[in-house]
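The lines below spell out each chain.
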Amino acid sequence: MNREWHQLRNPGLVPAAPQAEEAERFGLDYWRSLPRKHMPPWKDYDEVTAVAGVLEGVPPIVAPYEVKRLRELLAEVAEGRAFVVQGGDCGETFLSNTESHVLANIRTLLQMAVVLTYGASMPVVKVGRVAGQYSKPRSNNTDSLGLPVYRGDMFNSLEPTAEARVCDPQRMIRAYANSAATMNMLRAYLGGGLADLQSVHLWNKDFVRNSPAGERYEAIGREIDRAMAFMEACGVEDNALHTAEVYASHEMLAIEYDRALTRVFDGEVYGLSGHMLWSGERTRQLDGAHLDFLSRLANPVGCKIGPTAKPEDVVEVCNKLNPDNIPGKLVLISRMGHGKVREALPPIVEKVEASGRKVVWQCDPMHGNTFEARGGFKTRAFDHVVDEVLGFFEVHRNLGTHPGGIHIELTGDNVTECVGGAQEIKEDELADRYETACDPRLNTQQSLELAFLVAEMLRH
Ligand SMILES: O=C[C@H](O)[C@H](O)COP(=O)(O)O
Ligand SMILES: C=C(OP(=O)(O)O)C(=O)O
């Protein structure tokens, strides 16, 4: 694997936008003839086509060798030899796309990864919901003010006016520019000290010291401390102690955007708008546009699986998205809700495993656990999030399968969007710092607390 990875770093091949013949051969536009849910209500589709034309000529956000590398890392997860932590904003916004916000989110992800690496005693693959997470499927076409609903900055603006809510294709250009700048900054900081293990560990020690529940996490914190001291005493020195690979992912909802950023490389089609793209629970129809487009890509792809999914349909999702059964190609992201995971997930895992399909099993404990708090705030309870992860681990332990990872909406900012956790955020405190553009995220403390709890589950 290593030889191939190094060869791929200097491939001497340049990815190119697919020519008409290649697009036809790879079926890259077949989705256009299929039913498509959550199609943004653009006023003028000719303008969408013109913008897509511009994006076909730009340097993409990520490189094919990185995509392939992530697929190889996820293959390790599928084989039970690694764990994956994926997280970031529910929806990125142009306004919050600042250095401080992006770096705080990634820092939180890195902090979680260190704790999980220790808990799992295995490598942890790190994937951000970042550099492209600008589109949101919504339940209703209008919001509580009767305005057209906000659909993510890729499409329209959160500002509550009718004009701002018109879906404007030009926003795809801004989403591209922001994603490119974010990815550029991440690469620089990740190679320049942000991921230094000592520093990340020191931030975690601060968390343990300051968390009201710190006592519970002290034992693991101390053990990591000793492991670090031991490595230092042995003179262990490696690049991996100072840098980290963080991959970019987003929901593949704005198909025109992701299609425009596809490139052909070494006989395969790569979606280079991000390393990993996923289909949401609302757009995973087997005969629909989203799964069809995802099925044409060499990227690792994800599919959300909610409580109404039938086991046989999930096997069909596997057949569609990963017909060659390549390990690391498909991540099934269950989001059942804490009350349903223990009943709904086992038949799905059993059927998929019995079919011989190699998948990464990942738990999204956020999207099945949303409720409206007093005052109308959309929230999630930290205890429900933890309980869904616990249920996910129980199911896999009972079936002898590998609980491959977690997928979290989080931020490195000190927001008050989810209730509970050691800070005991109450419903009437949600208004203090409720900043999300769509769904409630775990704040830094809640995210780290979750990581320590999952580390405990992994150890047992
Ligand atoms: O993140 C997921 C969905 O986009 C989100 O939950 C939809 O929210 P809504 O039900 O408020 O439209
Ligand atoms: C829309 C999302 O989730 P789901 O498809 O699971 O509702 C999401 O993860 O942003």
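See the structure above.
Residues numbered from 1 in each chain as written. Chains lettered and ligands numbered in written order. Predicted model: local features only at pLDDT ≥ 70, side-chain atom pairs only at ≥ 80, totals over all residues. Heavy atoms only, no water.

## What to know about the site of ligand 2
No. 1: All residues adjacent to ligand 2 are R129, Q133, K136, P137, E251, W278, G280, E281, K304, R335, H367 and E409.
No. 2: At 2.6 Å, a side-chain N or O of K136 approaches an oxygen atom of ligand 2.
No. 3: One of the side-chain nitrogen or oxygen atoms of R335 is found 2.6 Å away from an oxygen atom of ligand 2.
No. 4: Coverage of ligand 2 by the protein chains reaches 98% of its 290 Å² of free accessible surface.
No. 5: Here the residues of the shell around ligand 2 sort into two nonpolar, three polar and seven charged. (Near = heavy atom within 4 Å. Polar contact = N/O pair within 3.5 Å; in protein donor to acceptor, adjacent residues only side chain to side chain. Areas by Shrake-Rupley, 256 points an atom, 1.4 Å probe, with all protein chains shown as cover. Nonpolar A, V, L, I, M, F, W, Y, C, P; charged D, E, K, R; others polar.)

## Some points on the pairing of strand β12 (residues 405-409)
No. 1: Among the five residues of β12, five are classified as buried, and the element is accordingly described as predominantly covered.
No. 2: The alternating pattern of β12 places G405, H407 and E409 and I406 and I408 on opposite faces, both of which are buried.
No. 3: Two elements, strand β1 (residues 83-88) and β12, share five bridges in a ladder whose sense is parallel. By the bridge assignment for β12, Q86 is matched with H407.
No. 4: The pairing of strand β9 (residues 360-363) with β12 spans two bridges and is classified as parallel. Within β12, the position partnered with C363 by the bridge is I406. (Buried < 20%, exposed > 50% of the residue type's maximum accessible area, 1.4 Å probe, protein only. Helix = DSSP H or I, 4+ residues; strand = E, 2+ residues; numbered from the N terminus. Pairing = 2+ DSSP bridges.)

## Let's talk about the side chain of R71
No. 1: Locating R71 in the fold gives a position in helix α4 (residues 64-78).
No. 2: Beyond its immediate stretch of four places on either side in the chain, R71 contacts E268, A298, P300, I326, P327, G328 and K329. (Contact = heavy atoms within 4.5 Å.)

## Here's the deal with the site of ligand 1
No. 1: Taken together, the neighbourhood of ligand 1 is formed by C90, K136, P137, R138, S139, R282, H367, K378, E409 and D439.
No. 2: At 2.8 Å from an oxygen atom of ligand 1 is found a side-chain nitrogen or oxygen belonging to R138.
No. 3: The fraction of the free accessible surface of ligand 1 (340 Å²) that becomes covered by protein chains is 83%.
No. 4: Taken together, the residues of the shell around ligand 1 sort by class into two nonpolar, two polar and six charged.

## Thoughts on the nonpolar core
No. 1: Y257, L332, V352, I406 and L450 are the most contacted members of the largest nonpolar core, which totals 117 residues.
No. 2: Broken down by element, this core gets its largest block of residues, 10 residues, from helix α5 (residues 99-120).
No. 3: With residues near it in sequence (within four places) discarded, V352 still touches V314, V315, C318, L332, R357, V359 and W361.
No. 4: Of all hydrophobic cores here, the second largest spans 15 residues; its members include L73, L74, A78 and V360. (Core = buried A, V, L, I, M, F, W, Y, C linked by side-chain atoms within 4.5 Å.)

## Comments concerning the environment of F26
No. 1: Structurally, F26 can be placed in helix α2 (residues 20-26).
No. 2: Apart from residues lying up to four places away in sequence, F26 is in contact with V264, G267, V269 and R296.

## What about the sheet that holds β1?
No. 1: Overall, parallel pairing links the eight strands, which are arranged β1-β2-β3-β6-β7-β8-β9-β12 in a closed barrel. In this sheet, adjacent strand axes meet at a mean angle of 25° when their direction is disregarded. (Axes fitted to C-alpha atoms, helices over the stretch in contact; angles between N-to-C directions.)

## Looking at the packing of aromatic side chains
No. 1: Within this structure, the stated rule accounts for 10 aromatic pairs.
No. 2: When the ring of W42 is compared with that of F155, the centres are 5.5 Å apart and the planes differ by 75°; the resulting orientation is edge-to-face. Here the residue W42 occupies a position in the loop between α2 and α3 (45-55), and F155 occupies one in the loop between β2 (124-129) and α6 (171-191), the gap between them amounting to 113 residues. Here the two residues W42 and F155 agree in accessibility, since each one is buried.
No. 3: Three or more aromatic residues joined by ring pairs form one cluster here, namely W42, Y45 and F155.
No. 4: Positioned above the aromatic ring of W203, the side-chain terminus of R107 is 4.0 Å from the ring centre. (Phe/Tyr/Trp six-rings, centres within 6.5 Å; stacked < 30°, edge-to-face > 60°. Lys NZ or Arg CZ within 6 Å of the ring centre and 35° of its normal.)

So yeah, pure geometry; function would need other evidence.
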